[in-house]
Amino acid sequence: MNAIVAVCDDWAIGKNGQLLVRNKADMHRFVELTTGGTVIMGRKTFESFPGGPLKGRRNIIVTRQASYQPTKSEGLPEGTSVEVVCSPEAAVEASSGDEGVWLIGGDSLYKALLPQVDVVFVTLNHTVVEGADAFFPRLDEDPSWKVTERLDGGTTKAGIPFEFVTYTRA
């Protein structure tokens, strides 16, 4: 399983359920990497998508709410599906055998499933946002992860420099 995440210098990923940095290049990379695969996400992450399920992907939503019915889950384009499971372990089981499985958040799901991830694709935004309330584990401080690729990403419209860093389990 892969994970994909956008972090700030302090490894913060969100504030009040929203991303911290608007970054078109990051979004483009996210779409490019995950389209055609399976994405595993928490309910709050799913509900943060204004257009509903991510098109061209198998969307697996993890929630403790057994009766949860995702909105906009009918009449989906070809190649798009939505499933609801009640635990991180059930998400892993449901995606077993799928090619291109992507863990896409939020923070509690990242922490629960990171031990099962082999590669993490990080967009590192070189800024710190006050009041962040969701964080990704600091891979730089974990000897079981090593940087295998680092690419300059450029600068966002807001003037925030960023880079794409790939971590692989050592």
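To be clear, the structure that these remarks concern was listed above.
All figures in this text were calculated on a predicted structure; none of them were measured in a lab. (Residues numbered from 1 in each chain as written. Predicted model: local features only at pLDDT ≥ 70, side-chain atom pairs only at ≥ 80, totals over all residues. Heavy atoms only, no water.)

A. Structural detail: helix α3 (residues 88-95). For α3, the full list of buried residues reads Pro-88, Ala-91 and Ser-95. Taken end-on, α3 shows its buried residues confined to a sector of 55°, consistent with a single buried face. In this structure, α3 carries Glu-89 and Glu-93 as exposed residues pointing more than 90 degrees from its buried face. At its buried positions, α3 is contacted by β3 (38-42), β4 (58-62), β5 (81-85), β6 (101-103) and α4 (107-113). Once α3 finishes, Gly-97 follows within two positions and takes phi at roughly 90°, a positive value. (Buried < 20%, exposed > 50% of the residue type's maximum accessible area, 1.4 Å probe, protein only. Helix = DSSP H or I, 4+ residues; strand = E, 2+ residues; numbered from the N terminus. Arc of directions from axis to C-beta. Contact = heavy atoms within 4.5 Å.)

B. A look at helix α1 (residues 24-34). When α1 is considered as a whole, its buried residues turn out to be Asp-26, Arg-29, Phe-30 and Thr-34. An end-on view of α1 places all buried positions within 110° of arc, on one side of the element. The exposed residues of α1 that point more than 90 degrees off its buried face are Lys-24, His-28 and Glu-32. Between the side-chain oxygen at the start of α1 and the backbone nitrogen of Ala-25 there is a gap of 3.1 Å, and the oxygen is on Asn-23. Taken from the residues just after α1, Gly-36 is the one with a positive phi, measuring 90°. (Polar contact = N/O pair within 3.5 Å; in protein donor to acceptor, adjacent residues only side chain to side chain.)

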